[in-house]
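Chains, contacts and geometry: an overview
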Amino acid sequence: HMDVDTVAVQRLLRKNPDQSVLEVFRELSLPVLRDREHPARLQAIKEGLFARDFVRVFSSTENLAAYVMRWVPPRALAYMNLFAQDKTLLKLLCNDIRITAIGAGAGSEFAAIAALAALFQTNEGFMKKFQANRRAGAGPHTLTVSCVDFGEYMPVLSSMCSLLSARMGLDISTEHVRIGIPAPPAGASQPASTETRTDSHAATPAVSGEAATEVPASVGDKAGNKAGEPAPETSPAAVPGAPGSTAAAPRSSLKMVFAQADALSADEATRARLAKLYGSSHLITACFVVNELFADKAVAVATLTAIVAAMRRGAFLLVVDSASDLSLVSINGNNYPTSMLLDGIKGLQRASANDSHWFRLGEGLKYPIALENVHCYVRLYQKTA
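To continue, consider the overall build of the chain. When helices and strands are tallied, the chain shows 15 helices and 11 strands. Within the span of the chain, comprising 385 residues, buried residues form 51% of the whole. When contacts within the chain are restricted to residue pairs at least 6 apart in sequence, those whose partners lie at least 24 apart make up 81%. Total accessible area on the chain stands at roughly 17,000 Å², and carbon and sulfur atoms take up 55% of it.

This paragraph deals with the packing of aromatic side chains. Evaluation of the coordinates by the stated rule reveals five aromatic pairs. Each ring, one from F58 and one from Y67, has its centre 5.0 Å from the other, and the planes form 85°; the classification is edge-to-face. With a relative accessible area of 8%, F58 lands in the buried category. Centre to centre, the rings of F120 and F130 are 4.9 Å apart; their planes meet at 35°, and the pair counts as tilted.

This brings us to the nonpolar core. One finds F25, F110, M168 and L318 to be the most contacted residues of the largest nonpolar core, which totals 81 residues. It is helix α6 (residues 61-85) that contributes the most residues to this core, 15 residues altogether.

For strand β2 (residues 142-149), the buried fraction is high: eight of the eight residues fall into the buried class. What you see with β2 is no split at all: T142, T144, S146 and V148 on one side and L143, V145, C147 and D149 on the other are buried throughout. Relative to β2, strand β1 (residues 98-102) is paired through five bridges, and the arrangement is parallel. Bridging across to β2, I99 finds its partner in V145.

To continue, consider the side chain of R178. Relative to the assigned elements, R178 resides in strand β3 (residues 171-178). Here R178 falls in the buried class, since its relative accessible area comes to 3%. In this structure the side chain of R178 is engaged in a polar contact, spanning 3.4 Å, whose partner is the side chain of E152. Polar contacts involving the side chain of R178 include one to the main-chain carbonyl oxygen of P182, which spans 3.4 Å.

It is worth spelling out the pattern of salt bridges at this point. Counted according to the given criterion, the structure contains 11 salt bridges. Put simply, R178 and E152 hold a salt bridge, and the shortest N to O gap is 3.4 Å. Remark: E152 occurs in the loop between β2 and α10 (154-168) and R178 occurs in strand β3; sequence separation between them is 26 residues. Note that D343 and R350 form a salt bridge whose closest N and O atoms lie 3.0 Å from each other. Under the relative-accessibility criterion, R350 is labelled partly exposed at 44%.

Most of strand β5 (residues 253-260) sits out of view: seven of its eight residues are buried. Bridge count between β2 and β5: eight bridges; the pairing is parallel. What sits directly across from C147, in β5, is F258. As defined by bridge partners, β3 adjoins β5 across eight bridges and the pair is classed as parallel. Across the sheet, the residue bridging to I172 is L254, located in β5.

Here we come to helix α2 (residues 17-28). Between its first and last C-alpha atoms α2 spans 17 Å; for 12 residues at 1.5 Å apiece the expected length is 16 Å, and the two agree. A large share of α2 lies buried, amounting to 11 of its 12 residues. Within the sequence span of α2, burial applies to P17, D18, Q19, S20, V21, L22, E23, V24, F25, E27 and L28.

Here we come to the packing of helix α8 (residues 108-122) against α10. Where α8 contacts α10, the axes come no closer than 11 Å and their chain directions differ by 15°. The pairing of α8 with α10 is recorded here as roughly parallel in orientation. The chirality of how α8 crosses α10 is right-handed. Between α8 and α10, the contacting residues are F110, A111, A114, A115, A118 and Q121 on the first element and M160, C161, L164 and M168 on the second. For the contact of α8 with α10, the class distribution of residues is nine nonpolar, one polar and no charged.

To continue, consider the confidence of the model for the chain. For the chain, per-residue confidence averages 83 on the pLDDT scale, and 82% of positions sit at 70 or higher. Segment residues 203-247: pLDDT under 50, and 91 contacts once partners within four positions in sequence are set aside and those in other chains are kept.

Counted by the stated rule, this structure contains zero disulfides. Just so you know, C147 is unpaired, no disulfide at all, and the nearest cysteine sulfur is the one on C161, 7.8 Å from it. By relative accessible area, C147 is classed as buried at 0%.

Okay, the side chain of S281 next. Mapping S281 onto the fold places it in the loop between α12 (268-279) and β6 (283-287). Polar side-chain contacts of S281 include one of 2.8 Å to the backbone oxygen of L277. Excluding residues that lie within four positions of it along the chain, S281 makes contacts with R98, I99, T100, R312 and A315.

Moving on: the environment of V177. Position of V177 among the secondary structure elements: in strand β3. Assessed through its relative accessible area of 9%, V177 is described here as buried. Spatially, the C-alpha atom of V177 lies 6.1 Å from that of F258, the residues being 81 residues apart in sequence.

Each value, and the rule that gives it
Each chain has its residues counted from 1, following the order in which its sequence is written. Confidence filtering applies because this is a predicted model: local features only for residues at pLDDT of at least 70, side-chain atom pairs given and counted only at 80 or more, and all residues used for totals across whole chains, interfaces and linings. Only heavy atoms go into the side-chain values, all of them from the structure, while hydrogens and water stay out. Labels follow the DSSP assignment, with helices taken as runs of H or I lasting at least four residues and strands as runs of E lasting at least two, numbered in each case from the N terminus. Here the term buried applies to any residue with accessible area under 20% of the maximum for its type, exposed to any over 50%, and partly exposed to those in between, with areas from a 1.4 Å probe on protein chains only. Residues are treated as being in contact if the distance between any of their heavy atoms lies within 4.5 Å. Using a 1.4 Å probe, accessible areas were evaluated by the Shrake-Rupley method; residue-level cover was limited to the displayed protein chains. Stacked, tilted and edge-to-face pairs are distinguished by plane angle, under 30 degrees for stacked and over 60 for edge-to-face with tilted covering the rest, among Phe, Tyr and Trp rings (Trp via its six-membered ring) whose centres lie within 6.5 Å. Buried Ala, Val, Leu, Ile, Met, Phe, Trp, Tyr and Cys residues that are joined via side-chain atoms within 4.5 Å together make up what is termed a nonpolar core. When DSSP finds two or more bridges between a pair of strands, those strands are recorded as paired. Here a polar contact is taken to be a pair of N or O atoms separated by no more than 3.5 Å, where protein atoms must pair a possible hydrogen donor with a possible acceptor and residues adjacent in sequence count only if both atoms sit in side chains. We count a salt bridge whenever a side-chain nitrogen from Lys or Arg sits within 4 Å of a carboxyl oxygen from Asp or Glu. A helix's residues, less one, multiplied by 1.5 Å, set its expected span. Angles shown run from 0 to 180 degrees and are taken between the N-to-C directions of axes, each axis being a line fitted to C-alpha atoms and, for helices, limited to the stretch in contact. Any angle from 65 to 115 degrees is called roughly perpendicular, while one under 35 is roughly parallel, one over 145 is roughly antiparallel, and all others are oblique. Definitions for this section: a left-handed crossing has its near helix turned counterclockwise from the far helix by less than a right angle. A right-handed crossing has that turn clockwise. Here the term charged refers only to Asp, Glu, Lys and Arg, the term nonpolar to Ala, Val, Leu, Ile, Met, Phe, Trp, Tyr, Cys and Pro, and the term polar to all other amino acids, Gly among them. The predictor attaches a confidence to each residue, called pLDDT, with possible values from 0 through 100. We call a pair of cysteine sulfur atoms a disulfide whenever their separation is within 2.5 Å.

Rendered as structure tokens:
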């Protein structure tokens, strides 16, 4: 028996997908709305973001919850629509792939992917797209998304996964892996580099326990390739799929791995584990993080070089960032867009590009606070060598 909220969200998935996503975030953010300190906290976050003091903004649990309420919903909608419109990304997400989302602790990317998976099984138009793009003979739809970030995002992500699962009819399992970041003193029961926690957020009882005990995405490849080994083809269809029936859109199951790590770390052990994660992924996303990276140009170049070096041949890198002056980098007194610097990275071929992509919120969308449109540049690259 589904409750009223679940029925409402699933009805919205068929008629108004954007509002269905906002309903999940509205419910997730109810505790934040009841907090009297919320307006002052939002102002402090805005000031911290403007000053590029990201550690101050993202080191407080209360700040993280407030940030998710204000900044995540429009980005989640923008990414969901981008994934649906870009033919290469849509084809990838209709198949069983592993995704690593860098700087994605706030959950925008995961929420977008989960909503798209729900649309594949409830929205008639998306069902047709799913069947047209899915690899022939593939079994149940399975996606693994590793969200890499340094903040204590797991409580927010876990709540988000529970709501997405319950409201959108998805089977979602979650896992928390610390890579080079020690656990808070009270719960430090295992070594920092190996601590994991796995939970299942199944909308209905799972057929088996496999989703909750699957080998972490950083270890290897369900298709039998070792981590870092080249994909067998370089086309968008070069994704693994299990034998099975394609009669109807199969139920989607998602795994959200929160890989709590500093993606900029100079620690060798951390870098090796992240490289293994990047090497096992079919798609890597860096959404609204590249500008943060270029706050230190040397660190930015080193980090991006390491990511590209670790990627398997045929894998994709998606970069989305602000189309404003924030995306300008000063080199020898001249300003260059970060997108131009990205285009110069060796070993990557542009699959699609847009220097001024607008996602405008639809008329009549309802949410407790005002949300802003998203204006960004988009780059999708494929590793060719």
